[in-house]
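Residue-level structure breakdown
What follows is each chain in one-letter form.
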Amino acid sequence: QVQLVESGGGLVQAGGSLRLSCAASGGTFSRYGMGWFRQAPGKEREFVATITPSGGDTIYSDSVKGRFIISRDNAKNTVYLQMNSLRPEDTAVYYCAARFGFWGTAANTYAHWGQGTQVTVSS
């Protein structure tokens, strides 16, 4: 069973940057596709970015493409989300998720989830 713990959230001004981390334990991290999702108050959880088990390929939502970068360090069992040029509409709880063997953009295909970390962007 994979356990995921996110960190790095906080309050930042518009235009600023944050780096989220998600530490995994309890599984062979390099065999899991990883994703970042977010949920704003009153809205459904939405896809942000995903990365293959090897880290060789990534996909981003249109809303964050060119501003966010997903990466992973399989030696450290950690996936990252570098968020640049933050906007107030990026305010949400950010979740990392793990999917064995594959990657993808659909939240319901991920079996393992972290508890989330709050990101608040002020205007």
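What this report covers is the structure whose coordinates are included nearby. (Residues numbered from 1 in each chain as written. Predicted model: local features only at pLDDT ≥ 70, side-chain atom pairs only at ≥ 80, totals over all residues. Heavy atoms only, no water.)

**Points about the sheet that holds strand 1 (residues 3–7)**
Condition: Strand pairing follows a simple DSSP-based rule, namely that at least 2 bridges must link the two strands. In this description a helix means any DSSP run of H or I spanning at least four residues, a strand means any run of E spanning at least two, and both kinds are numbered starting from the N terminus. Here an axis means a line fitted to C-alpha atoms, over the contact stretch when the element is a helix, while the angle between two N-to-C directions is reported on a 0 to 180 degree scale.
Here four strands make up an open sheet; going across it, the order is 1-3-8-7 and the pairing antiparallel. Only two strands of the sheet have a single neighbouring strand rather than two, namely strand 1 and strand 7 (68–73). The average angle at which neighbouring strand axes cross in this sheet is 15°, direction not considered. Strand direction decides the pairing type here: strand 7 and strand 8 (residues 78–83), joined by six bridges, are antiparallel. By the bridge assignment, R72 is partnered in strand 8 with V79.

**Details of the pattern of salt bridges**
Using the following cut-off: For salt bridges, the criterion is a side-chain nitrogen of Lys or Arg within 4 Å of an Asp or Glu carboxyl oxygen. Each residue is placed in one exposure class: buried if its accessible area under a 1.4 Å probe, protein chains only, is under 20% of its type's maximum, exposed if it is over 50%, and partly exposed if it falls in between.
Summed over the entire model, instances satisfying the criterion amount to four salt bridges. In this structure, the salt-bridge partner of E46 is R38, at a minimum N-O distance of 2.5 Å. Relative accessible area serves as the criterion here: at 33%, E46 is assigned to the partly exposed category. A salt bridge links D90 to R38, with the nearest nitrogen and oxygen atoms 2.9 Å apart. Taken together, the residues span a long stretch of sequence, with D90 in the loop between strand 8 and strand 9 (92–100) and R38 in strand 4 (residues 32–39) at a distance of 52 residues. Judged on exposure class, the residue D90 and its partner R38 are both buried. Within the structure, one salt-bridge network assembled from shared partners comprises R38, E46, R67 and D90.

**A word on the state of the cysteines**
To be explicit about the condition: Here, two cysteine sulfur atoms that lie within 2.5 Å of each other are counted as a disulfide.
The full count for this structure, using the stated rule, is one disulfide. Covalent S-S linkage joins C22 and C96, the inter-sulfur distance amounting to 1.9 Å. On the S-S bond that ties C22 to C96, the torsion sits near 45°, and the link is right-handed. Pair noted here: C22 is in strand 3 (residues 18–25) and C96 is in strand 9, with a separation of 74 residues, a long-range link.

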